[in-house]
Amino acid sequence: MQQNQSMSLTGWALLLALSVLWGGSFFFSKVALSELPPLTVVLARVAIAALALLVYLRIRRQPIPTDATTWTAFFGMGLLNNLIPFTLLFWGQTQIASGLASILNATTPIFSILVAHFLTADEGMTRNKLVGIALGFSGVAVLMAGNGVKTADIPLLPLLACLGAALSYGFAGVFGRRFRRMGISPATSAFGQVSATTLLMIPVVTLIDTPWHLPMPGMTTMAALLGLGLLSTALAYILFFHILAVGGAINSSLVTLLIPVSAILLGYLFLGEILASNHFAGMVLIALGLLSIDGRLYRWLLGRRRKSGTTAKP
């Protein structure tokens, strides 16, 4: 069995579509946050996605687990993969551009490597991963301090909130490995975690946001919530699982590099957001770090060196 499967043109088209869907989550949430508080947006996103995934599972006639052990795992995954990161990202986007938030979110694989190194026995540190981590955190440093960025211009706390979301995703990646051992399909896992998150968010939103006191959002905000739940969550999950099956884990991980590009373009075209040069420099460093982590950068440099050595021979 091949470990690094090649993708067809259809596979690449699906990968680009997924990057737009997940990049669009930063756009949709930014629109929704103009009228609604972050916690309410989180609840709307996961509730809409849960209903959509329930319909999907029923159409596919896939069983839904009912035992306490599985649902305990769903609640843990919902906390780490949805409630905490969504809340931190959405709150961060109330004060920084959606494109910048997406760049910081691209550090997720870097945090995943660190968490896996300390909490798992089979995913230790390698040279490629160390180089990738160094490049990734260099990119974060450039984002925060490069080219004379002032704290007054971009508050530090929202940046740290977005990094905290990436760290939570890192823990979720390690925690979520148990679902495969439990024999639970990816689509069922997706439904379980967003459903559990919905149940967790209802009392929180009720106590903090008191939604019955909020003004009725406009049609633009309602459309953004539907896009966030149906497109950027439910459909994106289904698309990701398909790409994972036909293209493999390494190829599907490329979406991490494409999401910030989609988010930045959408923010520029529809929200009037403009990022500074240090933001793009930071994104390049993070992208190089991700390429180093999965070995692409090393293999490319090695291929270039071998090709150069071959052509130099008489």
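Treat the numbers as computed from the prediction; the structure is a model and nothing was measured.

Novice: Can you help me understand helix H3 (residues 68-93) in this one?
Specialist: Helical geometry: 3.6 residues make up each α-helical turn, so side chains three or four residues apart lie on a common side. The first and last C-alpha atoms of H3 sit 36 Å apart over 26 residues, in line with the 38 Å expected at 1.5 Å per residue. The largest bend along H3 reaches roughly 40° and is located at Leu 79.

Novice: Is there a simple way to explain the packing of aromatic side chains in this structure?
Specialist: Pairs of aromatic rings are described using the distance from one ring centre to the other and the angle between the two planes. All chains considered together, the criterion is met by 8 aromatic pairs. Ring geometry for Phe 27 versus Phe 270: centroids 5.6 Å apart, planes at 50°, classification tilted. Of the two residues, Phe 27 sits in helix H1 (residues 9-32) while Phe 270 sits in helix H11 (residues 255-270), which places them 243 residues apart along the sequence. Look at Trp 71 and Phe 75: their rings are 6.4 Å apart centre to centre, the planes differ by 55°, and that puts the pair in the tilted class.

Novice: Before we go on, may I ask you to explain the nonpolar core in this structure?
Specialist: What tends to happen in soluble globular proteins is that the nonpolar side chains get buried as a cluster. Judged by nonpolar contacts, the single largest core of 78 residues is most densely connected at Val 41, Phe 90 and Leu 104. For this core, the element with the most residues is helix H2 (residues 38-60), which contributes 11 residues. Apart from residues lying up to four places away in sequence, Leu 104 is in contact with Ile 96, Leu 143, Leu 159, Cys 162, Leu 163 and Ala 166.

Novice: I would appreciate a short explanation of the packing of helix H4 (residues 98-105) against H11 in the present structure.
Specialist: Helix-helix packing: each pair is described by the crossing angle between the helix axes and the interaxial distance. Relative orientation of the contacting elements H4 and H11 amounts to 175°, with a least axis distance of 8 Å. Taken together, H4 and H11 sit at an angle that is classed as roughly antiparallel. Here H4 contributes Ser 98, Gly 99, Ser 102 and Ile 103 to the contact with H11, which in turn contributes Pro 260, Ala 263, Ile 264 and Gly 267. Partitioning the contact of H4 with H11 into residue classes produces 4 nonpolar, 4 polar and no charged.

Novice: Is there a simple way to think about H11 in this case?
Specialist: Its 16 residues place the ends of H11 22 Å apart at the C-alpha level, agreeing with the 22 Å of an ideal helix rising 1.5 Å per residue. Two residues or fewer after H11 comes Gly 272, characterised by a positive phi angle close to 70°.

Novice: Honestly, unusual backbone geometry in this entry has me stumped. Any pointers?
Specialist: We note that Arg 61 has phi near 55°; this positive angle belongs to a residue other than glycine. Within the element layout of this structure, Arg 61 appears in the loop between H2 and H3. Arg 61 sits in the exposed class, given a relative accessible area of 77%. Of note, the phi angle at Thr 210 is positive, near 40°, even though the residue is not glycine. Within the secondary structure, Thr 210 is located in the loop between helix H9 (186-208) and helix H10 (219-252).

Novice: I keep staring at a nonpolar patch on the surface and nothing clicks. Help me out?
Specialist: A surface patch of nonpolar side chains, amounting to about 760 Å² of accessible area, comprises Val 261, Leu 265, Tyr 268, Leu 269, Phe 270, Leu 271 and Ile 274. For Phe 270, a relative accessible area of 57% puts it in the exposed group.

Here is what the cut-offs are and how they apply
- Residues numbered from 1 in each chain as written.
- Predicted model: local features only at pLDDT ≥ 70, side-chain atom pairs only at ≥ 80, totals over all residues.
- Heavy atoms only, no water.
- Helix = DSSP H or I, 4+ residues; strand = E, 2+ residues; numbered from the N terminus.
- Expected span 1.5 Å × (residues − 1).
- Bend = angle between axes of the 7 residues up to and from the residue.
- Phe/Tyr/Trp six-rings, centres within 6.5 Å; stacked < 30°, edge-to-face > 60°.
- Core = buried A, V, L, I, M, F, W, Y, C linked by side-chain atoms within 4.5 Å.
- Buried < 20%, exposed > 50% of the residue type's maximum accessible area, 1.4 Å probe, protein only.
- Contact = heavy atoms within 4.5 Å.
- Axes fitted to C-alpha atoms, helices over the stretch in contact; angles between N-to-C directions.
- Parallel < 35°, antiparallel > 145°, perpendicular 65-115°, else oblique.
- Nonpolar A, V, L, I, M, F, W, Y, C, P; charged D, E, K, R; others polar.
- Patch = residues over 30% accessible without salt bridge, like charges linked within 9 Å, V, L, I, M, F, W, Y side chains within 5 Å.
- Areas by Shrake-Rupley, 256 points an atom, 1.4 Å probe, with all protein chains shown as cover.
- Salt bridge = Lys/Arg side-chain N within 4 Å of Asp/Glu carboxyl O.

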